[in-house]
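Fold and geometry: a report
One letter stands for each residue in the lines below.
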Amino acid sequence: MDFLRPASWEEALAAKAEHPTAVPIAGGTDVMVEINFDHRRPEYLLDLTRVGDLYEWEAGEDSVRLGASVPYTKIMENLRTELPGLALASHTVASPQIRNRGGVGGNLGTASPAGDAHPALLAAGAEVEAESVRGTRLIPIDAFYTGVKRNALAADELIRAVHIKKADGPQQFSKVGTRNAMVIAVCAFGIALHPETRTVRTGIGSAAPTPVRAKAAEEFLNAALDEGGFWDNGKIITPSVAKQFADLCAGACNPIDDVRGTASYRRHAVGVMARRTLTWTWESYRGARRHTEGAA
């Protein structure tokens, strides 16, 4: 196994073009596990730890450009307001040591359905900035996951950053595991309210071959909120609407039985998380709305 250590982004792109099978490594929290257990033995490892701009982020007017290697700890400390769903998900990643090393770029590169960042990225709305010596492109998050641990990157492309829409409403993330830390998700759920467009987006992890959105549930809830005037009147969402939303989220799953949980449990748990997170986010929205009206 050869070790490639580019000192700049340009050198990294050149190395990836010359060695398309090279496996990028930054935090190493996924790659090194596979190598240590002999599940993977790449011909080349492409070490990106010396590429400084991968550790930078920039908050624009509408979105955050998050470098691929920004550690989860930095997201928790600095981007809680702009990216609340991703900050909550970051809290659940493994241990403090892993959160200080791992980043969203690694989650995306590995594309495991159990990756903690995926539900939050799907719910918020994100684009993956992929680059090669041929140029740069933005891949919508909905089109990024192509199969079990497969993504839309070309062989010579690297993930440089992720562009994530800044929160314009409450967001939540929930995860089921066999313990509170150092655990791979049995299943996970993310939700984001978007009052500006009067829409709701979701993200489901570890309950299908890829991270997925519950699009039928979103369409149902968007219609129910609109027809009931909920965005304007700020009323409590009725139990029947919450239950139907939860059932549709559970129906969006296509899980498997494995050592961490059964398919039926995963469906059930996703439904429970969907109902709870919808309740939490809507109560936050109602509270913010009352505060705004009171200030006026």
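See the structure printed just above.
The following paragraphs examine the structure supplied in this document. Please read these numbers as outputs of a predicted model, since none were measured by experiment.

As for the overall build of the chain
- For the chain, the helix and strand inventory stands at 12 helices and 13 strands.
- On C-alpha atoms alone, the chain measures out to a radius of gyration of 20 Å, which is about the 19 Å that the 2.2 N^0.38 rule sets for 296 residues.
- Summarising its shape, the C-alpha atoms of the chain cover approximately 60 × 45 × 35 Å along the three principal directions.
- Looking at the chain as a whole, 53% of its 296 residues qualify as buried.
- Here the analysis covers contacts within the chain between residues at least 6 apart in sequence; of these, 62% occur between residues at least 24 apart.
- Accessible area of the chain: about 13800 Å², with a carbon and sulfur share of 51%.
- A gap of 7 Å separates the mean positions of the 33 positive and 35 negative side-chain charges of the chain.

Observations regarding the environment of Pro24
- With respect to the helices and strands, the residue Pro24 is situated in strand 2 (residues 23–25).
- For Pro24, a relative accessible area of 33% gives the class partly exposed.
- Residues Pro24 and Glu157 lie 133 residues apart in sequence; the distance between their C-alpha atoms is 10 Å.
- Not counting residues up to four positions away in its chain, the partners in contact with Pro24 are Lys16, Val31, Leu46, Leu48 and Leu158.

Some remarks on the pairing of strand 10 (residues 158–165)
- By the criterion of burial, strand 10 is predominantly enclosed, with 7 of the 8 residues buried.
- As judged from the 5 bridges shared by strand 5 (residues 63–67) and strand 10, these two strands associate in the antiparallel manner. Along strand 10, the bridge assignment pairs Ser63 with Lys165.
- Here strand 6 (residues 126–132) runs beside strand 10; their pairing, made up of 6 bridges, is antiparallel. The residue of strand 10 that forms the bridge with Glu129 is Ala161.

What counts and what doesn't
Residues numbered from 1 in each chain as written. Predicted model: local features only at pLDDT ≥ 70, side-chain atom pairs only at ≥ 80, totals over all residues. Heavy atoms only, no water. Helix = DSSP H or I, 4+ residues; strand = E, 2+ residues; numbered from the N terminus. Rg over C-alpha atoms; globule rule 2.2 N^0.38 Å. Buried < 20%, exposed > 50% of the residue type's maximum accessible area, 1.4 Å probe, protein only. Contact = heavy atoms within 4.5 Å. Areas by Shrake-Rupley, 256 points an atom, 1.4 Å probe, with all protein chains shown as cover. Lys, Arg positive; Asp, Glu negative; His and termini not counted. Charge placed at Lys NZ, Arg CZ, Asp CG, Glu CD. Pairing = 2+ DSSP bridges.

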